[in-house]
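Here's the letter readout for the chains.
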Amino acid sequence: MVGIKMAAAAAAASIRERQTVALKRMLNFNVPHVKNSTGEPVWKVLIYDRFGQDIISPLLSVKELRDMGITLHLLLHSDRDPIPDVPAVYFVMPTEENIDRMCQDLRNQIYESYYLNFISAISRSKLEDIANAALAASAVAQVAKVFDQYLNFITLEDDMFVLCNQNKELVSYRAINRPDITDTEMETVMDTIVDSLFCFFVTLGAVPIIRCSRGTAAEMVAVKLDKKLRENLRDARNSLFTGDTLGAGQFSFQRPLLVLVDRNIDLATPLHHTWTYQALVHDVLDFHLNRVNLEESSGVENSPAGARPKRKSKKSYDLTPVDKFWQKHKGSPFPEVAESVQQELESYRAQEDEVKRLKSIMGLEGEDEGAISMLSDNTAKLTSAVSSLPELLEKKRLIDLHTNVATAVLEHIKARKLDVYFEYEEKIMSKTTLDKSLLDIISDPDGMYHKFEADLEQYKKALTDAGCNLNPLQYIKKWKAFGKMASAPASYGNMTTKPMGLLSRVMNTGSQFVMEGVKNLVLKQQNLPVTRILDNLMEMKSNPETDDYRYFDPKMLRGNDSSVPRSKNPFQEAIVFVVGGGNYIEYQNLVDYIKGKQGKHVLYGCSEIFNATQFIKQLSQLGQK
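Procedures and definitions
- Residues numbered from 1 in each chain as written.
- Predicted model: local features only at pLDDT ≥ 70, side-chain atom pairs only at ≥ 80, totals over all residues.
- Heavy atoms only, no water.
- UniProt positions renumbered as here; feature names shortened; annotations may be inferred.
- Pairing = 2+ DSSP bridges.
- Helix = DSSP H or I, 4+ residues; strand = E, 2+ residues; numbered from the N terminus.
- Axes fitted to C-alpha atoms, helices over the stretch in contact; angles between N-to-C directions.
- Parallel < 35°, antiparallel > 145°, perpendicular 65-115°, else oblique.
- Left-handed = near helix turned anticlockwise from the far one by under 90°.
- Contact = heavy atoms within 4.5 Å.
- Nonpolar A, V, L, I, M, F, W, Y, C, P; charged D, E, K, R; others polar.
- 1 Å grid on protein atoms, 1.4 Å probe; cavity = no way out; pocket = protein on both sides within 12 Å on 5 of 7 lines; lining within 4 Å.
- Points joined across faces, edges and corners; volume = space filled by probe spheres on them.
- Phe/Tyr/Trp six-rings, centres within 6.5 Å; stacked < 30°, edge-to-face > 60°.
- Buried < 20%, exposed > 50% of the residue type's maximum accessible area, 1.4 Å probe, protein only.
- Salt bridge = Lys/Arg side-chain N within 4 Å of Asp/Glu carboxyl O.
- pLDDT = per-residue confidence, 0-100.

Looking at an unreviewed UniProt entry, the chain carries the name Sec1 family domain-containing protein 1, with the source organism given as Galeopterus variegatus. Here is the UniProt Sequence similarities (unreviewed entry) comment for the chain, exactly as written: "Belongs to the STXBP/unc-18/SEC1 family."

Structure follows, in C-alpha cells:
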C-alpha cells in the first residue's frame, strides 16, 4: 500500500524535478539532500566542463548552489588555484582531455578530496587511467567517490528537454544530413544521441515502447537505443531500471511511448513566423537555456552635442518556473501578453497607492477621536501591507522584466512586419485565398495588391532581387529529388487566423506599449505534423501516415521487427523526440494538444533547439555543398 502511495506521489515529479533532485544529491556528496537540515553545509568547490555547465544552469541558480555549500564553481580547463583544505565535486563528461586534466589535478594535489561525477557512463579503460594517476600521485585516499550520473541532457521545462547547447554542432541537423558524411561519423552522431536518450530514461526511471518512421536517422536512433536498453535490462545485477528507480518512476503504472521523429518529415514548421510569446522571444531575441539577453540603449537625448553616443548596455533576464507571469503567458498570443503586462502594472500601482495612503494616514497627529479610531483600524491594514512588501517588490521586478522583454519583441514585430508574414503563412497553410499574391509579398511586403499566378522561377527571382540567399532552397531541391518528400505537411488541417482588426491603443506612459499598427491575430488550434503523428500513435489510430512505423519493446526477450503494436490500449504518457532539431512552435503545439486530453502527459525533446534564422543558416551551408 505504501509503495503504491509513493509511486502515485512520484508520478507528479516532472523530468525537471527529477534532474534537479539528482544534481542536488550529487552536490551533497551523493547523499540525498534533506531540505530542512539545520547547520552549515559542507563548503566545497564545483568543477564542471561546458556540458556540465549547460545542464546545471537552467536548473540551479547561484544562490541555490551557495545554499548547497558551493563557494566556487569553475570550468575544468580554466586556470585554477590550489585550495588544499576544500573538497571538490567534479561534474564532467568522460572525455580523453577531461580525464587527462583530472589526473593532472590529482598529481598536483590541488584539493583536499575528490568526488568524481561523470555526466555519462565512463569506460573501464578511462577509469583505470584515473586509478593509475591516483596511485602515482599517492592520492588514492583523496578520491572519495566515483559516480556515473546519467544526466547527459538539458531540461528546459517540466515537459521539454534538449541534448546539447554549447556543443550542439555535434548533433545538429547539418551534422546528420551532410552529403559527405562517412559511416563512422554518422555512427558517432547517432551514438551521442542514443547515449543522451538512455540517460534521459534512466533519470525518468522508465523503459519506453519505441515507435519510429522507416528509412530515416530516427530509425537508426531507435535500433541503437533498443539495443542499449535491452543490454542493460539483461544484465540483472547492474541494471539501471530495477528496484527503487523503477518503483518510484514517473510512469509506474503504465510504460511511456517514445515517438522518434525525423526533422525531414516537416521542414516547414521550423521556418514559420510565430505568434506566441515564448516562440517569439526565441525567434527574435537572444534566448538560450531560459535566459534572454537584451541590448538596452541608454539613449543619446541627454548627451551634449558632438558627444559619443552611449554604449548599449546588455541585460540578462532569467525566465524560470518561479516566474508566474511567464508560466501563465509563455504560450499566449503576443497581443494578449501585452494586455496582461498592462493589467499587472495597473494592479501593482493600485497596491502601491494603498500602501502610500496608509502611510499618510499613520502620520496623523492630534487627539481627534475619529483619527485615533481610524488609526487602530489602519494599523492592522498597514501591518498586512508591510508584510506583503517582499511579494510586491517581486511583482514589480517581474513586471519590469516582462515590460522590457515584450517591448523588445514588439520592436522586432513592427520593424520586420512579423504579424503580416504570420497571417499570410497561416492562410497559405490552410489554403485560404490570399488577398495579395505570394510574389508581391516577397517583392514588396508593404506594396499594393496585384493578383497573378507565378511559378517557382519567378519566386526565386523575386527572392534574389529582395537580397535573399537561395542556398537553402538548393539544398531542399536536392533533398526532394533524393527521397520523395513525405506528404505530411500538405494537409495542415483547417487552421485560420481571425484578425480582430487593429488593437485599440494598449498604451501606457510607463511601458510604451503602442500596439497600433500590429494585427491582433487570434490562433485557432490545429495540429502540426509532429503532433498529428503523436496523436495517431498515442491513441492507436490507424492512419497511412503512421501505419508502417516500426515498433520496439526493449523488455521483450527477442527483438521482433514489426510495425504491429502488441497492446491496443491508448498510451497515457508519451515522449516525442525530434532527431535533427526542434523548436518552440512544435513544443507549444503539443502543449495545446495535450490540454484537451484529460490525465495524459507529453514530453517534447530534440537534439538541439533552433529558431528560423539558425535553421536557415544550416540549410544554407548544406546548399553550398
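Engineer: Kindly report on the sheet that holds strand 2 (residues 70-75), identifying the contributing residues and their values.
Structural biologist: A sheet is described by the order of its strands in space; here five strands give the open sequence 2-1-3-4-5, paired in parallel fashion. The open sheet has two edge strands with one neighbour each: strand 2 and strand 5 (143-148). Averaged over neighbouring strand pairs, the angle between their axes works out to 20° when direction is ignored. Bridge count for strand 1 (residues 44-48) against strand 3 (residues 83-92) is four bridges, and the pairing is parallel.

Engineer: Summarise the packing of helix 8 (residues 183-204) against helix 9 (residues 217-234); cite the residues concerned and give the values.
Structural biologist: For the pair helix 8 and helix 9, the least separation of the axes is 9 Å and the interaxial angle reads 50°. Here helix 8 lies oblique to helix 9, going by the angle between them. As for how helix 8 packs across helix 9, the hand of that crossing is right-handed. Contacts between helix 8 and helix 9 involve M186, E187, M190, D191, I193, V194, D195, L197, F198 and F201 from the first element and A217, M220, V221, K224, L225, K228, L229 and N232 from the second. Tallied by class, residues from the contact of helix 8 with helix 9 come to twelve nonpolar, one polar and five charged.

Engineer: Would you mind going over the layout of surface pockets in detail, with residue names and values included?
Structural biologist: With a probe scaled to a water molecule rolled over the atoms, the places where space remains empty come into view. Taken as a whole, the second largest pocket spans an internal volume of roughly 1,500 Å³. For the second largest pocket, the lining is made up of 50 residues, of which L59, L60, S61, V62 and E64 are closest to its centre. Mapped by element, the contributors of at least two residues to the lining of the second largest pocket are helix 2 (15-27), helix 3 (50-56), helix 4 (62-67), strand 11 (291-296), strand 12 (313-318) and helix 15 (389-416).

Engineer: Can you lay out the packing of helix 11 (residues 277-284) against helix 21 (residues 584-595) for me, pointing to particular residues and giving the numbers?
Structural biologist: Contact pair helix 11 / helix 21: the axes reach a minimum separation of 9 Å and the direction vectors enclose 175°. In terms of their interaxial angle, helix 11 and helix 21 are classed as roughly antiparallel. Here Q278, A279 and H282 of helix 11 lie close against helix 21, whose contacting residues are Y584, I585, Y587 and Q588. Tallied by class, the residues present in the contact of helix 11 with helix 21 amount to four nonpolar, three polar and no charged.

Engineer: So what about unusual backbone geometry? Which residues, and what values?
Structural biologist: For S138, which is not glycine, the phi torsion reads 50° and is therefore positive. Structurally, S138 can be placed in the loop between helix 6 (124-136) and strand 5. Although it is not a glycine, K417 adopts a positive phi angle of roughly 50°. Relative to the elements of secondary structure, K417 occurs in the loop between helix 15 and helix 16 (418-429).

Engineer: I'd like a description of the packing of aromatic side chains, backed by residues and values.
Structural biologist: The tally for this structure, following the rule as stated, stands at 19 aromatic pairs. Here the aromatic rings of F287 and Y584 are separated by 5.9 Å at their centres, their planes lie at 40°, and the arrangement is tilted. Taken as a pair, F287 in strand 10 (residues 286-288) and Y584 in helix 21 lie far apart in primary sequence, 297 residues in all. Like Y584, F287 is buried. Between Y587 and Y604 the ring centres are 6.4 Å apart and the planes differ by 40°, which places this aromatic pair in the tilted class. In this pair, Y587 is assigned in helix 21 and Y604 in strand 17 (residues 601-606), connecting sequence segments 17 residues apart. According to the relative accessible area criterion, Y587 is buried, its value standing at 2%.

Engineer: Before we move on, can you summarise the pattern of salt bridges with the specific residues and values?
Structural biologist: For the structure on display, the rule yields 24 salt bridges. Between E157 and K330 there is a salt bridge whose closest N-O contact spans 2.5 Å. Within this pair, whereas E157 is found in strand 6 (residues 154-157), its partner K330 is found in the loop between helix 12 (324-329) and helix 13 (334-362), the two being separated by 173 residues in sequence. Overall, the relative accessible area of 2% leaves E157 in the buried class. Here K330 falls in the buried class, since its relative accessible area comes to 9%. Within the structure, one salt-bridge network assembled from shared partners comprises R16, E157, D158 and K330.

Engineer: Go over the confidence of the model for the chain, please, and point to the residues and values.
Structural biologist: Confidence in the prediction for the chain averages 79 pLDDT; 75% of positions are at 70 or higher. Between residues 447-454, whose pLDDT stays under 50, and residues either more than four places distant or in other chains, the model counts 15 contacts. Within the model, the stretch residues 484-512 combines pLDDT values under 50 with 72 contacts to residues more than four positions away or in other chains.

Engineer: How would you summarise empty space enclosed by the protein if you had to cite specific residues and measurements?
Structural biologist: Within this structure, the stated rule accounts for three cavities of 30 Å³ or more. Here the largest cavity is characterised by a volume of approximately 110 Å³. Every residue lining the largest cavity is counted, 13 residues in all, and those nearest its centre are N165, F287, H288, L289 and I609. Residue composition of the lining of the largest cavity, by class: seven nonpolar, five polar and one charged. Of the volumes computed, that of the second largest cavity is approximately 70 Å³. Lining the second largest cavity, in full, are P270, H272, T274, A279, H282, D283, N583, Y584, I585, F610, N611 and A612. Breaking the lining of the second largest cavity down by element, the ones donating at least two residues are helix 11 and helix 21. If one sorts the elements of the lining of the second largest cavity by residue count, helix 11 sits on top with three residues. Counted by class, the lining of the second largest cavity contains six nonpolar, five polar and one charged residues.

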